[in-house]
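Results of the structural survey
In case you want the letters, here they are:
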Protein chains: 2
Amino acid sequence: MSSRWHSPRTALRAHAAGPVADFDADGTPGYDGDKESGEKDLRRVGAELSDLQEKLFAQGRSGGERSVLLVLQGMDTAGKGGIVRHVGGLLDPQGLSVTGFGKPTPTELEHDFLWRIRKALPPAGRIGIFDRSHYEDVLPVRVHSLVPESVWRGRFDEINAFEAELAASDTTIVKCALILSKDEQKARFTERVERPDKYWKYDPNDLAERAHWDEYLEAYQDVFDTTDTDVAPWYLIPANHKWFSRLAVARILLETMRDLDLSWPEAAFDVEAERERVAALD
Amino acid sequence: MSSRWHSPRTALRAHAAGPVADFDADGTPGYDGDKESGEKDLRRVGAELSDLQEKLFAQGRSGGERSVLLVLQGMDTAGKGGIVRHVGGLLDPQGLSVTGFGKPTPTELEHDFLWRIRKALPPAGRIGIFDRSHYEDVLPVRVHSLVPESVWRGRFDEINAFEAELAASDTTIVKCALILSKDEQKARFTERVERPDKYWKYDPNDLAERAHWDEYLEAYQDVFDTTDTDVAPWYLIPANHKWFSRLAVARILLETMRDLDLSWPEAAFDVEAERERVAALD
């Protein structure tokens, strides 16, 4: 795999990737394999990810505080659900918590925008995946002027402070924005209205969102410019090829978890004494 | 697959399987394949399960009320976590909610024993897996006399009423008890004290539980005798061979979900009109 794939975290890091409006959603930067090899590599990445996840989980059960949070953002049809299914699906569900954030409920709206986010943070030892996140409060909320500019603009600092706090309390954060082209989005909407097994994914209101495409790009650019930090980095994931976006996210998650130097916890019992007790069982 | 595998739901149904004390934990009833074919069959079952799960999820998103709940019980080391990993791992994490029930917290103890269970029920469209469950309140709670007999005995009726209520509100319940032999449990404890990557799974207190083996069998037998109902059936899963227990649980879940006659929801929009709108997108 290493021969076909070089440092996705460097190539795809938001501040290195240039303006999102010019981003090539068709690309497979740093990877010279095709769909078939990509799917094979995804399984390989999955095997290693799954091992690291078990160590993380074991540490959590043994008093360790570390957790990992993968934040997914992207326009409609960009493939966030597919990442949950195909990357999250590589993991042990016992050590995984997936939360989708839709339009806030009335109760959620009575609280600060980070309230529902905090409630859904992964416990120690777990990997959390957020399908949409607190960034909704500086993306659609901004595009539709649901709060004044002074409010959403102030949220960038709040978000940075929040993420720094999480990092300081041993939550490792990885943020991936799935970037697809306008043409590809049209193709995916077409599929949803043509195929009866896709109807349920189609919401006529999504077309109204598409009319704000450029405003969304501008809002995303501000997000990357202000919240791509070393403790909570943003990666831009080319999403026109679903197989590549899945591989890229999985690989970024893997490299991030490798850096945690996870190891099996020490025995919390007297090993020799317990070996004798077990050997003496009837 | 069908050639090697006959009606696990008939062969393994608790009231047909006979006394749990005489149950053959080594068996692979109804299946004449080996570990290798079992793992292949598990992947095949997984593909169909995953398709049905997507339909269930789509229905949930389209107003459907149906959900599915898989309850797992079993002695220590019986492999409940492995079922979560290898059967739950066949499913889309987005449509899955896994809850482990350990010793109740002080807050949980202030409530009725079903309180924490109700809070964890899968929402519409989801599959829930309970790793231990409300049955803990008639198993260890009984064995250790944590409440008087009149209390735990009364819980059988409460449980039947609760499960009937769930079934009536479109939650399909499947209960699997993983049955392993005492020798196999000793072998698994041995592995946990011998292998540093398994230390974290070992709890010296588990040996004290093993000392109550026969009382647990008696408690399980009462559970099967009183709560194996048509709306919430119990299956006894031979668990000495992990590959078989995973295949058996997956297959029972699959057959149960096949019976739901799941189909893709109708379009919630005017298909022709939306096709035209999408075709006209820039």
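Residues numbered from 1 in each chain as written. Chains lettered and ligands numbered in written order. Predicted model: local features only at pLDDT ≥ 70, side-chain atom pairs only at ≥ 80, totals over all residues. Heavy atoms only, no water.

Under an unreviewed UniProt entry, the name given to chain A is PPK2 family polyphosphate:nucleotide phosphotransferase, and the organism recorded is Gordonia humi.

Another aspect to go through is the packing of helix H9 (residues 182-194) of chain A against helix H13 (residues 271-279) of chain B. Relative to each other, H9(A) and H13(B) sit at 165 degrees, their axes nearing to 9 Å. It follows that H9(A) is roughly antiparallel to H13(B) by the angle criterion. H9(A) and H13(B) meet at a crossing whose hand is left-handed. Within the contact between the two elements, H9(A) uses A:Lys186, A:Phe189, A:Thr190, A:Val193 and A:Glu194 and H13(B) uses B:Val271, B:Glu274, B:Arg275, B:Val278 and B:Ala279. Residues belonging to the contact of H9(A) with H13(B) are distributed by class as follows: five nonpolar, one polar and four charged. (Axes fitted to C-alpha atoms, helices over the stretch in contact; angles between N-to-C directions. Helix = DSSP H or I, 4+ residues; strand = E, 2+ residues; numbered from the N terminus. Parallel < 35°, antiparallel > 145°, perpendicular 65-115°, else oblique. Left-handed = near helix turned anticlockwise from the far one by under 90°. Contact = heavy atoms within 4.5 Å. Nonpolar A, V, L, I, M, F, W, Y, C, P; charged D, E, K, R; others polar.)

For the rest of this paragraph, the subject is the interface of chain B and chain A. At the interface, 45 residues of chain B touch 45 residues of chain A. Buried area between chain B and chain A, summed over both chains or domains, comes out near 4200 Å², and the portion from carbon and sulfur atoms is 60%. Applying the counting rule to chain B against chain A returns ten salt bridges. In this structure, B:Asp282 engages A:Lys182 in a salt bridge whose closest nitrogen and oxygen atoms are separated by 3.2 Å. The interface formed by chain B and chain A holds 18 residue pairs in polar contact (both at pLDDT 80 or more) in total. (Buried area = accessible area lost by both parts, 1.4 Å probe. Salt bridge = Lys/Arg side-chain N within 4 Å of Asp/Glu carboxyl O. Polar contact = N/O pair within 3.5 Å; in protein donor to acceptor, adjacent residues only side chain to side chain.)

Our focus in this paragraph is helix H8 (residues 149-168) of chain A. All names here are of chain A. Counted at 1.5 Å a residue, the expected span for H8 with its 20 residues is 28 Å, and the 29 Å between its end C-alpha atoms agrees. Considering bend angle alone, the principal kink of H8 is centred on Phe156 and spans about 25 degrees. Taken together, the buried positions of H8 are Trp152, Arg155, Phe156, Ile159, Phe162, Glu163 and Leu166. Asp170 occupies a position one or two residues after H8 and carries a positive phi of about 70 degrees. (Expected span 1.5 Å × (residues − 1). Bend = angle between axes of the 7 residues up to and from the residue. Buried < 20%, exposed > 50% of the residue type's maximum accessible area, 1.4 Å probe, protein only.)

Now for the pattern of salt bridges. Side chains that differ in charge, positive against negative, can pair when their charged atoms come close. Considering all chains together, one arrives at 56 salt bridges over all chains under this definition. Across the salt bridge formed by B:Asp170 and B:Arg66, the nearest N and O atoms sit 3.3 Å from each other. Of this pair, B:Asp170 sits in the loop between helix H8 (149-168) and strand S4 (171-179) while B:Arg66 sits in the loop between helix H3 (35-61) and strand S1 (67-74); the two residues are 104 residues apart in sequence, bridging distant segments of the chain. If you follow the salt bridges from partner to partner, you end up with A:Arg142, A:Glu149, A:Arg153, A:Glu218 and A:Asp222 in one network.

On to the sheet that holds strand S2 (residues 96-100) of chain B, then. Residues and elements named next belong to chain B. Here five strands make up an open sheet; going across it, the order is S2-S3-S1-S4-S5 and the pairing parallel. On the outer flanks of this sheet lie S2 and strand S5 (234-238), each paired with one strand and no other. The mean angle between the axes of side-by-side strands here comes to 20 degrees, regardless of whether they run parallel or antiparallel. Pairing between S2 and strand S3 (residues 127-131): five bridges, direction parallel. (Pairing = 2+ DSSP bridges.)

A word on the nonpolar core. In this structure, A:Tyr135, A:Cys176, A:Val223, A:Phe224, A:Trp234, A:Ile237 and A:Met257 are the most contacted members of the largest nonpolar core, which totals 72 residues. Among the elements that line this core, the one with the most residues is helix H12 (residues 242-258) of chain A, at ten residues. Those residues in contact with A:Phe224 that lie beyond four places of it in its chain are A:Ala14, A:Val20, A:Ala177, A:Trp234 and A:Leu236. Within the second largest apolar cluster, 70 residues are counted, among which are B:Phe113, B:Leu166, B:Ala177 and B:Leu236. (Core = buried A, V, L, I, M, F, W, Y, C linked by side-chain atoms within 4.5 Å.)

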